[in-house]
Amino acid sequence: MKPASREFKNNASRALNDAQLQRALNTVQGGFIEKRRNAADKLPEFETLRDQARDIKNHTLEHLDLYLAEWESKATAAGGHVHWCETPAEAREAILSICKRLNAKSVTKGKSMITEEIAINPALADAGIDPVETDLGEYIIQLRGETPSHIIAPAIHVTKDQIEADFRKTHTHLPGDRNLDESTALVNEARQILRQKYIEADVGITGANFLIAETGSSVIVTNEGNGDLTQTLPKAHIVMATIDKMVPTLEDVSTILRLLARSATGQEFSAYTTWSTGPRRPGDLDGPEEYHVVVLDNGRSGMLGTEFQDVLRCIRCGACMNHCPVYQSIGGHAYGWVYPGPIGSVLTPGLIGVDEAGQLPNASTFCGRCEEVCPMRIPLPKMMRHWREKEFESKLTPHTVRTGLGLWSWLARRPGLYHLATGIAARALSAMAGRRGRLRSLPLAGGWTRHRDLPAPQGRSFQARWKSGERSMQ
Amino acid sequence: MSARDAILSRIRRATGRGDDAGRQAAVAERLKSHRRNLIPERGNIDAKARIKLFEDMAIAVQASVAHVASSNDVPEAVAAYLRQHNLPQHIRHGAHETAANMPWAEKAPALEVVTGPAEPADEVSLSIAVGGVAETGTLVLTSGPDNPTTLNFLPENHIVAIRASDVAGSYEDIWDRIRKAHGEGTLPRTVNMVTGPSRTGDIEQRIELGAHGPRRLHIVIIDE
């Protein structure tokens, strides 16, 4: 997927003025947030499980080379094929060569953000192979020629009316006067159409929520069952994974699974958790004849041993974006690449470069809600700050910001002058605001005052009041 | 250097710090002992309460539940369920001996019973679960000729029979059971954990059942 993260500011303004999108985004707040809170409240051990999950992943990352090698030998022993890829181009090539060898005409796909990362769909189409997204949300956006705007709810930016219009435009073989008023009718129509696609497909591609070193297995977690039909019916099942999906044992995965659905959708457990180990076995009457795992690095190993290592604990639940005031306001497309929201703001600069994605870690108020709800306790705000530092060090920060920061740091290192200047400014702003206590407009602060009043300081600065002995609450 | 070696050696440089023997021992120990982490107290209850919790949790995610006294009573329960939902008297199951030994002809003479993997036209399937997890009302099914995986996903109506004594408190209890049956360090080709029927929230976050997998999940608990 070609990054458009440099366009973040323009994308964000456009999103804020998009009435249709704003209506669609309203559902994020009411839905996911309350459901997660209820699910977490119902499990007394939830917070302790978060600590344990963090420790499991930390241990795994410290021994990642060994666990990967162990997983590979188990997966191979079960009859699976492992394809190691450093870059998206290598991963595309690995998938294409399997599909070509099998003379594949049609490929069904379960939901996978990594296949977005490597842009497999256009590559398959170029090779004359028809990629069919089967997750309902992914199917909807494929019809619309769009990319996912949320990692677990890819069509969250689309309203029901838009989906109805898309279905009428695409499914032209169905009667034009059919009733599609209810979402049930839309779900049923997609079900009927995709059913045939599962049966016709030569290859099924799914993602992987986890790879398990103990057994050489891959795991997918879904609610629709599309991933299961995708991987069970065709001749070959290709799992698209990255190195950070690794977890040591079945017990360790079980612990993390207790957090995943609760954090993502507020479910106690997703409808389907599927553990796959190799291809069809002797005596089996169904299942894929070939089982391949494409395991991609794409910059992740470069984050190990750095201040960004902790982000590799991520299990892609989406809680950080559901709770992010910035994501709630602009949706996922504005971020310009595969991973939106706080996780995207940390991961994207690591994967495609801070020069390309430096605006993303700046798109945060540091309110801290993402870290508060992250099941893996990833310190997302701290990492965004690290990216801002890197951006500043490599002189990518805009000139005006650098000058402003330079002035501030000059002033901050001269306490006498700093107190004098802030004292004058506080009194001046207070005088300007008058009795209302708020400013309607202020030179250099138009970005703020265009949308809301600026509360003015009440008079003397905190430090001045502290000095004069005014130390207790009045 | 191959991509594999390049990736692994980059990881080793970033995390290795030279102590290869110590790291290898730590990894081998963790995999061998597969120690349990914290298990929620919720499932740590006596057998009767555990089955009740399993049932309540399954119903909470829109599964339906029936009890029968013995596996001989399953055919009647299945036929009644099909009548209740106006479904054809036709089911498919795998080669599992529990299903094969049920008195189908005697107890449900109008019911047509076929075996094998699911076909697209099948409307109802029957599977035998290896276990259930009370914690979340989850069924655990393993692949093989006994229970072909397609039976779990292709038909619109999935009936699963489970012995009450196979309902465990936690996922971890099930792993131990599967290790005992299949050996350490491996799993059956597919292990399906099923918690309620198929669903989607992809249209404006409204939950709709039967997105791709079964619209209905009916659990028959064999109390014997």
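What counts, and at which threshold
Residues numbered from 1 in each chain as written. Chains lettered and ligands numbered in written order. Predicted model: local features only at pLDDT ≥ 70, side-chain atom pairs only at ≥ 80, totals over all residues. Heavy atoms only, no water. Helix = DSSP H or I, 4+ residues; strand = E, 2+ residues; numbered from the N terminus. Buried < 20%, exposed > 50% of the residue type's maximum accessible area, 1.4 Å probe, protein only. Contact = heavy atoms within 4.5 Å. Lys, Arg positive; Asp, Glu negative; His and termini not counted. Charge placed at Lys NZ, Arg CZ, Asp CG, Glu CD. Domains from an automatic or database assignment. Phe/Tyr/Trp six-rings, centres within 6.5 Å; stacked < 30°, edge-to-face > 60°. Lys NZ or Arg CZ within 6 Å of the ring centre and 35° of its normal. Buried area = accessible area lost by both parts, 1.4 Å probe. Salt bridge = Lys/Arg side-chain N within 4 Å of Asp/Glu carboxyl O. Expected span 1.5 Å × (residues − 1). Pairing = 2+ DSSP bridges. Axes fitted to C-alpha atoms, helices over the stretch in contact; angles between N-to-C directions. Polar contact = N/O pair within 3.5 Å; in protein donor to acceptor, adjacent residues only side chain to side chain. Left-handed = near helix turned anticlockwise from the far one by under 90°. Nonpolar A, V, L, I, M, F, W, Y, C, P; charged D, E, K, R; others polar.

A. How the structure looks around the overall build of chain B. For chain B, the count of helices and strands is seven helices and 12 strands. If you line up chain B on its principal axes, its C-alpha atoms span 70 × 40 × 40 Å. Relative to its full complement of 224 residues, chain B shows a buried share of 56%. Residue pairs in contact within chain B that sit at least 24 positions apart in sequence constitute 70% of those at least 6 positions apart. Averaging the positions of the 26 positive and the 29 negative side-chain charges in chain B gives two centres separated by 8 Å.

B. Expanded view of the environment of Glu289 of chain A. Residue and element names in this part refer to chain A. Along the chain, Glu289 falls in the loop between strand E9 (272-276) and strand E10 (290-296). On the basis of relative accessibility, which here comes to 52%, the residue Glu289 falls in the exposed class. A C-alpha to C-alpha distance of 76 Å links Glu289 and Arg460, two positions 171 residues apart in sequence. If near-sequence neighbours (up to four positions away) are discounted, Glu289 is found in contact with Lys235, Pro279 and Arg280.

C. Seen up close, the domain arrangement of chain B. Once the domains are mapped, chain B shows domain 1 (1-33) and domain 2 (40-222). Spacing between the C-alpha centres of domain 1 of chain B and domain 2 of chain B amounts to 41 Å.

D. The packing of aromatic side chains, seen in detail. Residue and element names in this part refer to chain A. Under the defined criterion, the tally for this structure stands at eight aromatic pairs over all chains. Members of the aromatic cluster, connected to one another through ring pairs, are Phe8, Tyr327 and Tyr335. It is Arg316 that lies over the ring of Tyr339; its NZ or CZ is 4.9 Å from the centre. Looking at Arg385, its charged tip hangs above the ring of Phe366, at a distance of 5.4 Å from the centre.

E. Layout of the interface of chain A and chain B. In this complex, chain A contributes 101 residues to the contact, which on the side of chain B involves 75 residues. Of the roughly 7,500 Å² buried between chain A and chain B on both sides combined, carbon and sulfur atoms contribute 56%. In terms of surface lost to chain B, no three residues of chain A exceed Arg191, Glu251 and Arg258 of chain A, which account for 10% of the buried area on that side. With a shortest N-O distance of 2.8 Å, Arg10 of chain B and Glu86 of chain A are connected by a salt bridge.

F. View of helix H1 (residues 3-15) of chain B. In this model, H1 of chain B (13 residues) spans 18 Å end to end at C-alpha, consistent with the 18 Å of a helix rising 1.5 Å per residue. When H1 of chain B is considered as a whole, its buried residues turn out to be Ala3, Ala6, Ile7, Leu8, Ser9, Ile11 and Thr15 of chain B. Against the buried residues of H1 of chain B lie helix H3 (46-62), helix H4 (64-77), strand E1 (81-85) and helix H5 (88-101) of chain A together with helix H2 (20-33) of chain B.

G. The arrangement of the pattern of salt bridges in detail. Applying the stated rule across the entire model yields 50 salt bridges over all chains. Here Asp310 of chain A ties to Arg313 of chain A by a salt bridge, and the two come within 3.2 Å at their closest N and O atoms. For Arg313 of chain A, a relative accessible area of 2% gives the class buried. One salt bridge connects Arg4 of chain B with Asp5 of chain B, and the closest N-O pair in it is separated by 3.3 Å.

H. Summary view of the domain arrangement of chain A. The domain boundaries assigned to chain A delineate domain 1 (43-298) and domain 2 (400-467). The C-alpha centroid of domain 2 of chain A is placed 52 Å from the C-alpha centroid of domain 1 of chain A.

I. Region of interest: the sheet that holds strand E9 (residues 190-194) of chain B. The strand order across the open sheet formed by eight strands is E8(A)-E5(A)-E6(A)-E9(A)-E9(B)-E6(B)-E5(B)-E8(B), and the pairing between neighbours is mixed. At either end of the open sheet lies a strand with only one pairing partner, and these are strand E8 (246-247) of chain A together with strand E8 (167-168) of chain B. One ladder, built from five bridges, connects E9 of chain A with E9 of chain B; its direction is antiparallel. In the sheet register, Thr273 of chain A faces E9 of chain B, and the bridge partner there is Met193 of chain B. Each of E9 of chain A together with strand E5 (131-133), strand E6 (138-142), E8 and E9 of chain B is contacted by helix H7 (residues 171-182) of chain B, which is oriented at about 160° to E5 of chain B, the strand it contacts most.

J. Region of interest: helix H2 (residues 19-42) of chain A. All names here are of chain A. A rise of 1.5 Å per residue sets the reference length of H2, with its 24 residues, at 34 Å; its end C-alpha atoms lie 36 Å apart and thus fit the reference within 8%. Regarding H2, the residues found buried are Leu21, Ala24, Leu25, Val28, Gly31, Phe32, Ile33, Arg36, Ala39 and Ala40. Buried residues belonging to H2 abut helix H1 (8-16), H3, helix H12 (250-264), helix H13 (319-322), helix H14 (325-330) and helix H17 (369-373). The N-capping residue of H2, defined by a side-chain oxygen 3.2 Å from the backbone nitrogen of Gln20, is Asp18.

K. Geometry of the packing of helix H8 (residues 136-144) of chain A against helix H9 (residues 160-170) of chain A. All names here are of chain A. The geometry of H8 relative to H9 is characterised by a closest axis approach of 10 Å and an angle of 65° between their N-to-C directions. With respect to the hand of their crossing, H8 and H9 are arranged in left-handed fashion. Here H8 contributes Tyr139, Ile140, Leu143 and Arg144 to the contact with H9, which in turn contributes Gln162, Ile163, Asp166, Phe167 and Thr170. Residues that form the contact of H8 with H9 fall into these classes: five nonpolar, two polar and two charged.

L. Main features of the sheet that holds E1 of chain A. All names here are of chain A. The six strands are arranged E1-E10-E7-E4-E2-E3 in an open sheet whose pairing can be described as parallel. One side of each edge strand has no neighbouring strand; the edge strands of this open sheet are E1 and strand E3 (130-133). The mean inter-strand angle of the sheet, taken between neighbouring strand axes irrespective of direction, is 20°. Relative to strand E4 (residues 203-206), strand E2 (residues 106-109) runs parallel, the two being bridged by three bridges. Bridged to Lys109 within E4 is Ile205. The sheet contacts of H4 involve E1 and E10, and relative to E1 the element is tilted by about 145°. Sitting on the sheet, H5 touches E1, E2, E4, strand E7 (236-242) and E10, and the angle it makes with E10 is about 170°.

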